[in-house]
Amino acid sequence: ETKAHLSVAGEDAILMEDAAGLDIAGIGEASVTLVAQTSFDGGEYDKIGRELKKRAGDTKVENTLCPWMSKAREAAAEIAARTRLMVVIGGRESANTAMLAARCRAAGAEVFFVEAADEIDAGLFKDAEEIGVTAGASTPNEEIARALERLR
């Protein structure tokens, strides 16, 4: 998704992960349009937008964030805070799954990040009273079902 944004934006595009990247971007008085990967953190996106408006000439902030991903991260964090133990299922290269795992860790949970059910060592969870489970947007439903069964 990010590669597609960059290919359309052209050689003047700047890729950054957080507002700190603005310090080195050298934006000046250029006209700027801000877009993000749909799974990007909404709070950080707003922060980048505010900083751009302070530093750049004409700034347009496009809301390219996926509302479902924001809700999924919030729900995962709530479960993580309650259970303190989370299994996050999804691709290791998936940005949205990585963000789910990060949110769960930030909520104070121990996180087990797996791509597939067969990576789950059920013995690690034998004494757990509750285990939270979340999955990335592109994780197949069948893989989630297999992981849940293995945990049971």
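Above: the structure in question.
The shown structure was predicted, so the numbers you read here are calculated from the model rather than taken from an experiment.

A. Up close: the sheet that holds strand 4 (residues 110-114). Strand order in this open sheet of three strands is 4-3-5, and the pairing throughout is parallel. This sheet does not close on itself; its edge strands, each paired only once, are strand 4 and strand 5 (132-135). Looking at each pair of strands side by side, their axes are set apart by 20° on average, direction ignored. Note: strand 3 (residues 85-89) against strand 4, five bridges, orientation parallel. Each bridged residue has a counterpart across the sheet, and for Val 87 the counterpart in strand 4 is Phe 112. With respect to the sheet, helix 4 (residues 67-83) is in contact with strand 3 and strand 5, its orientation differing from that of strand 3 by roughly 145°. Contacting strand 3 and strand 5, helix 6 (residues 141-151) runs over the sheet at an angle of about 150° to strand 3.

B. Seen up close, the packing of aromatic side chains. Per the counting criterion, the structure on display carries two aromatic pairs. Judged by centre distance (6.4 Å) and plane angle (70°), the rings of Phe 40 and Tyr 45 are edge-to-face. The interplanar angle of 80° and the centroid separation of 4.9 Å between the aromatic rings of Phe 112 and Phe 125 together place this pair among those described as edge-to-face. Pair noted here: Phe 112 is in strand 4 and Phe 125 is in the loop between strand 4 and strand 5, with a separation of 13 residues, a long-range link. On the accessibility criterion, Phe 125 (7% relative accessible area) is buried.

So, how was this worked out
- Residues numbered from 1 in each chain as written.
- Predicted model: local features only at pLDDT ≥ 70, side-chain atom pairs only at ≥ 80, totals over all residues.
- Heavy atoms only, no water.
- Pairing = 2+ DSSP bridges.
- Helix = DSSP H or I, 4+ residues; strand = E, 2+ residues; numbered from the N terminus.
- Axes fitted to C-alpha atoms, helices over the stretch in contact; angles between N-to-C directions.
- Contact = heavy atoms within 4.5 Å.
- Phe/Tyr/Trp six-rings, centres within 6.5 Å; stacked < 30°, edge-to-face > 60°.
- Buried < 20%, exposed > 50% of the residue type's maximum accessible area, 1.4 Å probe, protein only.

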